[in-house]
Each structure stands twice: as C-alpha cells, then as structure tokens.
Amino acid sequence: GFKDGTVGISRLTGIPVLGVGLAADRFRALGTWDRMILPGPFSRVVVAAERLEGVPPDLSREEMERHRARYERGLMELTREAERAIGMKDPLSWDADSGGRAADGGDRTVGPRGPSVEE
C-alpha cells in the first residue's frame with residue numbers, strides 16, 4: 001500500500017501530493033508490492049493525475065493514518081480511471097491477490113483481450 005513516508009514529507013513541507021495512476025493496453029506485471037507494470041512495445045498508455053490534499057503539520061498518528069488511507073484510495077481511483085480510459089473491462093482485476101503472478105508462477109501479461117499467462 002501507500003507508504004507513510006509520503007504523508008510525513010507532505011506534513012513536514014506543506015506541499016500537496018500529486019497522485020498518478022497509469023494503465024497500458026499491453027503490459028507485463030512485475031509482481032512488486034506496488035503492482036508496477038512495464039508497458040509493452042507500441043502500447044497505448046493513459047495517465048490520470050490529480051493533486052491530493054496536503055497534510056497539516058499538527059496531526060496525531062491516527063490522523064496521519066487517515067490521510068495515508070485517503071491517499072491510497074485516491075491512487076487506486078486514479079488507476080481505475082486510467083484503466084477504464086484504456087478500455088479494460090474489469091479494472092484492477094488483472095492481478096487481484098496474485099501479486100502480478102499467475103497461479104502456476106508464470107509472468108502475467110495483459111493485452112487488449114485481458115489477462116493471459118506466458119509459458
């Protein structure tokens with residue numbers, strides 16, 4: 001999920017966070033904690049960005065967690081927006097609970113017709 005460091009930096013500097021969601025019509029999921037993707041050659045890519053609310057300097061740990069969760073939800077919604085714009089029928093489902101890995105351990109690749117498993 002979204003790391004506390006971003007909330008802490010925004011809190012210390014007073015600078016709002018720029019949230020960015022990305023989708024590509026053909027990509028390889030790298031299986032990282034943040035579900036990073038590598039767009040394939042000649043892929044169409046959509047980027048959705050939005051300025052997220054800044055974090056006030058005098059927050060309790062509980063309030064910081066609420067901001068962190070709000071940022072995470074914002075990033076997920078931006079990613080869904082980009083995936084819908086690229087034409088994915090079921091946004092964010094390509095690696096649900098798989099960490100970008102297929103059940104048999106192969107790389108998960110997504111193209112215009114949805115998920116497939118490469119041998």
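Above this text you will find the structure in question.
If you're wondering where the values come from, they're calculated on a predicted model, not measured in any experiment.

**Brief notes about the overall build of the chain**
Here comes step 1: The secondary structure content of the chain amounts to two helices and six strands.
Here comes step 2: For the chain, the sequential pattern of α-helices and β-strands runs α-β-β-β-β-α-β-β.
Here comes step 3: For the chain, buried positions account for 35% of its 119 residues.
Here comes step 4: Within the chain, contacts between residues at least 6 apart in sequence are counted, and of these 57% link residues at least 24 apart.
Here comes step 5: Of the roughly 7,500 Å² of accessible surface on the chain, 55% is carried by carbon and sulfur atoms.

**Quick notes on the side chain of Ser10**
Here comes step 1: Relative to the helices and strands, Ser10 resides in helix H1 (residues 4–13).
Here comes step 2: Overall, the relative accessible area of 2% leaves Ser10 in the buried class.
Here comes step 3: Separated by 2.7 Å, the side chain of Ser10 and the backbone oxygen of Ile15 make a polar contact.
Here comes step 4: Residues within four places of Ser10 in sequence aside, it is in contact with Ile15, Pro16, Val17, Gly54, Val55 and Tyr71.

**Focus: the side chain of Arg68**
Here comes step 1: If you trace the backbone, Arg68 turns up in helix H2 (residues 61–86).
Here comes step 2: The class for Arg68 is buried, based on a relative accessible area of 14%.
Here comes step 3: A polar atom in the side chain of Arg68 sits 2.8 Å from the side chain of Glu72.

**Observations regarding unusual backbone geometry**
Here comes step 1: For Phe42, which is not a glycine, the phi torsion comes out positive at approximately 60°.
Here comes step 2: Along the chain, Phe42 turns up in the loop between strand E3 (37–39) and strand E4 (45–52).
Here comes step 3: Overall, the relative accessible area of 82% leaves Phe42 in the exposed class.

**Points about the pattern of salt bridges**
Here comes step 1: Here the structure, examined in full by the defined rule, presents seven salt bridges.
Here comes step 2: Of the charged contacts, one joins Glu72 and Arg68 as a salt bridge, the two residues approaching to 2.8 Å between their closest N and O atoms. Here Glu72 and its partner Arg68 are both found in helix H2, four residues apart, which amounts to about one turn of the helix.
Here comes step 3: When salt bridges that share partners are traced, they join Glu65, Arg68 and Glu72 into one network.

What counts as what
- Residues numbered from 1 in each chain as written.
- Predicted model: local features only at pLDDT ≥ 70, side-chain atom pairs only at ≥ 80, totals over all residues.
- Heavy atoms only, no water.
- Helix = DSSP H or I, 4+ residues; strand = E, 2+ residues; numbered from the N terminus.
- Buried < 20%, exposed > 50% of the residue type's maximum accessible area, 1.4 Å probe, protein only.
- Contact = heavy atoms within 4.5 Å.
- Areas by Shrake-Rupley, 256 points an atom, 1.4 Å probe, with all protein chains shown as cover.
- Polar contact = N/O pair within 3.5 Å; in protein donor to acceptor, adjacent residues only side chain to side chain.
- Salt bridge = Lys/Arg side-chain N within 4 Å of Asp/Glu carboxyl O.

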